[in-house]
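Inside the fold
Okay, here's what each chain looks like letter by letter:
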Number of protein chains: 2
Amino acid sequence: MVHTNHFMELALAEARGAKARGEVPIGAVLVLGNTVIAKAGNGTRELNDVTAHAEITVIRMACEALGQERLTGADLYVTLEPCTMCAAAISFARIRRLYYGAEDPKGGGVDNGVRFYRQPTCHHAPEVYSGMAEQDAADILRDFFQQKRMED
Amino acid sequence: MVHTNHFMELALAEARGAKARGEVPIGAVLVLGNTVIAKAGNGTRELNDVTAHAEITVIRMACEALGQERLTGADLYVTLEPCTMCAAAISFARIRRLYYGAEDPKGGGVDNGVRFYRQPTCHHAPEVYSGMAEQDAADILRDFFQQKRMED
């Protein structure tokens, strides 16, 4: 659990980095055998890329770094419940364990919405652990959107 | 309809190109105002990138070409029913119309599986037109997997 918390702290740091760049503050870390393979924050605005969610970015970075299409045995730490797109990408990448912070009732696709891992069209489901550093992850997002609303 | 068929023909050509590279043969074309902005075939093996489905690739290419995060008013032509990941990415990109060829009962996320556009966590749904060049799209895939099985 010491490692687990450490990796989620790194994901929170990526979320804070995303916030500093004006992005919706979500961060992700991809770990294989206790080694961090990739870490990233959400980058959709900076990159003009709607697919550049933190989870997609770390999966792509890790696949490139390892020179392989799948990440069997890898674990993903992300500050917010993955959306439908990311939930499916995590499945395709054969990720072993998914740890996420705050739930996302409006946009999540793991324990909310389409609950992709419980569907017959899902052909690999990771083990899912939620609620880790939930309050910190939620606070970063809430502060970001409160600030946005004040600016608008 | 002349244009519509023409664009699906281009998508089929991208699927055949993917097949020639040893990829699962699926192709996509992104169109804005009757102009092709991006076209691509599936590239997951070549690129070691599980997210490099044809649809994700053309969305990323088009966002980069246009310098914008969203593709409001754009239409997407794809030879196979998009999977759950791609269905969500198409929604995030605010694509106007989705035209697809063959249905995918095992992996589709539009008219099969999670039926993402009918869910409350989907915040933009494109108009969906299916069955265009369905037989050609399905034949390319069937031939590819038959050949694969003979090789194995």
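Residues numbered from 1 in each chain as written. Chains lettered and ligands numbered in written order. Predicted model: local features only at pLDDT ≥ 70, side-chain atom pairs only at ≥ 80, totals over all residues. Heavy atoms only, no water.

In the annotation of an unreviewed UniProt entry, the entry for chain A reads tRNA-specific adenosine deaminase, and the organism field reads Rhizobium jaguaris. Per UniProt, the comment on chain A under Sequence similarities (unreviewed entry) is "Belongs to the cytidine and deoxycytidylate deaminase family. ADAT2 subfamily." Taken from UniProt, the Subunit (unreviewed entry) comment for chain A reads in full: "Homodimer." (UniProt positions renumbered as here; feature names shortened; annotations may be inferred.)

Regarding the nonpolar core
The biggest cluster of nonpolar side chains holds 83 residues, and the ones touching the most others in it are Leu30(A), Ile59(A), Leu71(A), Leu30(B), Ile59(B), Leu71(B) and Met85(B). For Leu71(B), the residues in contact, after removing those within four places along its chain, are Leu30(B), Ile59(B), Ala62(B), Cys63(B), Leu66(B), Ala93(B), Arg94(B) and Ile95(B). (Core = buried A, V, L, I, M, F, W, Y, C linked by side-chain atoms within 4.5 Å. Buried < 20%, exposed > 50% of the residue type's maximum accessible area, 1.4 Å probe, protein only. Contact = heavy atoms within 4.5 Å.)

Some points on the interface of chain A and chain B
With 33 residues of chain A at the contact, the number on the chain B side is 33 residues. Buried area between chain A and chain B, both sides added, is near 2,500 Å², and the carbon and sulfur share of it is 65%. Its largest share of buried area at the contact with chain B, chain A owes to Asn48(A), Val50(A) and Glu69(A), together 26% of the area lost on that side. Where chain A packs against chain B, one counts two salt bridges. (Buried area = accessible area lost by both parts, 1.4 Å probe. Salt bridge = Lys/Arg side-chain N within 4 Å of Asp/Glu carboxyl O.)

Remarks on unusual backbone geometry
Even without being glycine, Arg115(A) reaches a positive phi, approximately 40°. Following the sequence through the fold, Arg115(A) ends up in the loop between strand E4 (97-102) and strand E5 (127-130). Since its relative accessible area comes to 32%, Arg115(A) is described here as partly exposed. Non-glycine residue Ala133(B) carries a positive phi angle of around 55°. If you trace the backbone, Ala133(B) turns up in the loop between strand E5 (127-130) and helix H4 (134-151). (Helix = DSSP H or I, 4+ residues; strand = E, 2+ residues; numbered from the N terminus.)

Here's the deal with the pattern of salt bridges
If you walk through the whole model with that rule in mind, you get 14 salt bridges over all chains. Close ionic contact of Arg60(B) with Asp49(A) constitutes a salt bridge, the shortest N to O distance being 2.8 Å. Taken together, the positions of Arg60(B) in helix H2 (residues 54-66) and Asp49(A) in the loop between strand E2 (35-41) and helix H2 (54-66) put the pair across two chains. Across the pair Arg96(B) and Asp75(B) runs a salt bridge, and its minimum N-O distance is 2.9 Å. With a gap of 21 residues between them, Arg96(B) in the loop between helix H3 (84-92) and strand E4 (97-102) and Asp75(B) in strand E3 (residues 75-80) connect regions that are remote in the sequence. Take Asp75(B): its relative accessible area is 5%, and that puts it in the buried class.

Focus on the packing of aromatic side chains
Tallied over the full model, the rule gives ten aromatic pairs over all chains. For the ring pair Phe7(A) and Tyr77(A), a centre distance of 5.3 Å and an interplane angle of 55° mean the geometry is tilted. You can see Phe7(A) sitting in helix H1 (residues 2-20) and its partner Tyr77(A) sitting in strand E3 (residues 75-80), a full 70 residues away along the chain. Taken individually, Phe7(A) and Tyr77(A) each receive the classification buried, so the pair is uniform in this respect. Taking 4.5 Å as the distance between ring centres and 5° as the angle between the ring planes, the aromatic pair formed by Tyr77(B) and Tyr99(B) counts as stacked. Here Tyr99(B) lies in strand E4 and Tyr77(B) lies in strand E3, a separation of 22 residues in the sequence. In terms of burial, Tyr77(B) and Tyr99(B) fall into one category: buried. Three or more aromatic residues joined by ring pairs make a cluster, and in this case those are Phe7(A), Tyr77(A), Tyr99(A) and Tyr129(A). (Phe/Tyr/Trp six-rings, centres within 6.5 Å; stacked < 30°, edge-to-face > 60°.)

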